[in-house]
Amino acid sequence: AIQLTQSPSSLSASVGDRVTITCRASQGVSSALAWFQQKPGKAPKLLIYDASSLETGVPRRFSGSGSGTDFTLTISSLQPEDFATYYCQQFNNFPLTFGGGTKVEIK
Amino acid sequence: QVQLQESGPGLVKPSETLSLTCAVSGYSISSGDYWGWFRQPPGKGLEWIGSIYYGGRAYYNPTLKSRVTMSLDTSNNQLSLRLTSVTAADTAVYYCAKDRNGNFDFWGQGTLVTVSS
């Protein structure tokens, strides 16, 4: 199974900060990667699909980049509603796998 | 608007079978997409359980494959999940989701299943 390693596992940031989360795959997944946001008690929400495409309705401050084994999720200016846990997920190969998550907390 | 709603027993005894359904509204499960099941143990990360195509072909996580069965009920527009021989390690929030070309774009709100005697 393809392993996805997210870093950092947690971070503290302030409103307005630029935040970058990385996801590294144990083998190439092309652009078959998605990013999700999850808030406590809620289902994951798709933010970025196919590594770099912004899902409809998601604010433009979110962006994704990368292909192959290295991917990045960037929040250009952190907003209060962005404090959550973020997961990457690959769908290039079965079994589908997720990164361990990055918890973004208020500084 | 596509909506998914999981339902089933919130408590299952060890060694018994967990059975969940996922009712889909606003979209036909026969439309040619994959549908997935996921779970998340309390305080932990997400795990893919498996995916099923409207034609019935299913792919399961190898770690659960011997215990999992997924099916589609097109007449009621719903998905089903069965997990046999459950243990405490199967305690989790279970989610169903719609697959759009590999990207899961719509999710149910999740249902907590606790395995305990």
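Residues numbered from 1 in each chain as written. Chains lettered and ligands numbered in written order. Predicted model: local features only at pLDDT ≥ 70, side-chain atom pairs only at ≥ 80, totals over all residues. Heavy atoms only, no water.

A.B. asks: Just give me the short version of the packing of aromatic side chains, but keep the residues and values in it.
C.D. replies: Enumeration according to the criterion identifies 14 aromatic pairs over all chains in this entry. Plain terms: the ring middles of Tyr 34 of chain B and Tyr 59 of chain B are 6.1 Å apart, the flat faces sit at 50° to each other, and that makes the pair tilted. Placement of the pair is Tyr 34 of chain B in strand β4 (residues 34-40) and Tyr 59 of chain B in strand β6 (residues 58-60), with a sequence separation of 25 residues. For Tyr 34 of chain B, a relative accessible area of 24% puts it in the partly exposed group. Grouping aromatic residues by their ring pairs yields a cluster made of Phe 36 and Phe 98 of chain A together with Phe 38, Tyr 95, Phe 104 and Trp 107 of chain B. Cation over ring: Lys 98 of chain B sits above Tyr 27 of chain B, and NZ or CZ is 5.0 Å from the ring centre. (Phe/Tyr/Trp six-rings, centres within 6.5 Å; stacked < 30°, edge-to-face > 60°. Helix = DSSP H or I, 4+ residues; strand = E, 2+ residues; numbered from the N terminus. Buried < 20%, exposed > 50% of the residue type's maximum accessible area, 1.4 Å probe, protein only. Lys NZ or Arg CZ within 6 Å of the ring centre and 35° of its normal.)

A.B. asks: How would you summarise the pairing of strand β8 (residues 78-83) of chain B if you had to cite specific residues and measurements?
C.D. replies: Residue and element names in this part refer to chain B. With respect to burial, β8 is a largely interior element, 5 of its 6 residues being buried. Summarising the sheet, strand β3 (residues 18-25) and β8 pair through 6 bridges and their orientation is antiparallel. Each residue of the ladder has a partner; that of Leu 20, found in β8, is Leu 81. (Pairing = 2+ DSSP bridges.)

A.B. asks: Pulling in residues and values, what's your account of the layout of surface pockets?
C.D. replies: Taken as a whole, the largest pocket spans an internal volume of roughly 410 Å³. Along its surface, the largest pocket is lined by 22 residues, and Gln 38, Thr 85 and Tyr 87 of chain A together with Gln 40 and Lys 44 of chain B are the ones closest to its centre. Counting only elements with at least two residues in the lining of the largest pocket, the list comes to β9 (85-90) and β11 (102-106) of chain A together with β9 (92-100) of chain B. With 3 residues, the top contributor of residues to the lining of the largest pocket is β11 of chain A. For the lining of the largest pocket, the per-class residue count stands at 9 nonpolar, 9 polar and 4 charged. What the second largest pocket holds in volume is close to 310 Å³. Residue lining of the second largest pocket: 14 residues in total, with Pro 44 and Lys 45 of chain A together with Asp 105, Phe 106 and Trp 107 of chain B positioned closest to the centre. (1 Å grid on protein atoms, 1.4 Å probe; cavity = no way out; pocket = protein on both sides within 12 Å on 5 of 7 lines; lining within 4 Å. Points joined across faces, edges and corners; volume = space filled by probe spheres on them. Nonpolar A, V, L, I, M, F, W, Y, C, P; charged D, E, K, R; others polar.)

A.B. asks: Before we move on, can you summarise the sheet that holds strand β8 (residues 70-75) of chain A with the specific residues and values?
C.D. replies: What links the strands of a sheet is backbone hydrogen bonding, and the strands pair in either a parallel or an antiparallel sense. Residues and elements named next belong to chain A. Spatial strand order, β1-β3-β8-β7: 4 strands in an open sheet with antiparallel pairing. Edge positions in the sheet fall to β1 (4-7) and β7 (62-67), since each has one partner strand and no second. Pairs of neighbouring strands in the sheet enclose a mean axial angle of 15°, with direction left out of account. For β1 and strand β3 (residues 19-25), the ladder comprises 4 bridges, and the chain directions are antiparallel. From the neighbouring strand, Leu 4 faces β3, where its bridge partner is Ala 25. (Axes fitted to C-alpha atoms, helices over the stretch in contact; angles between N-to-C directions.)

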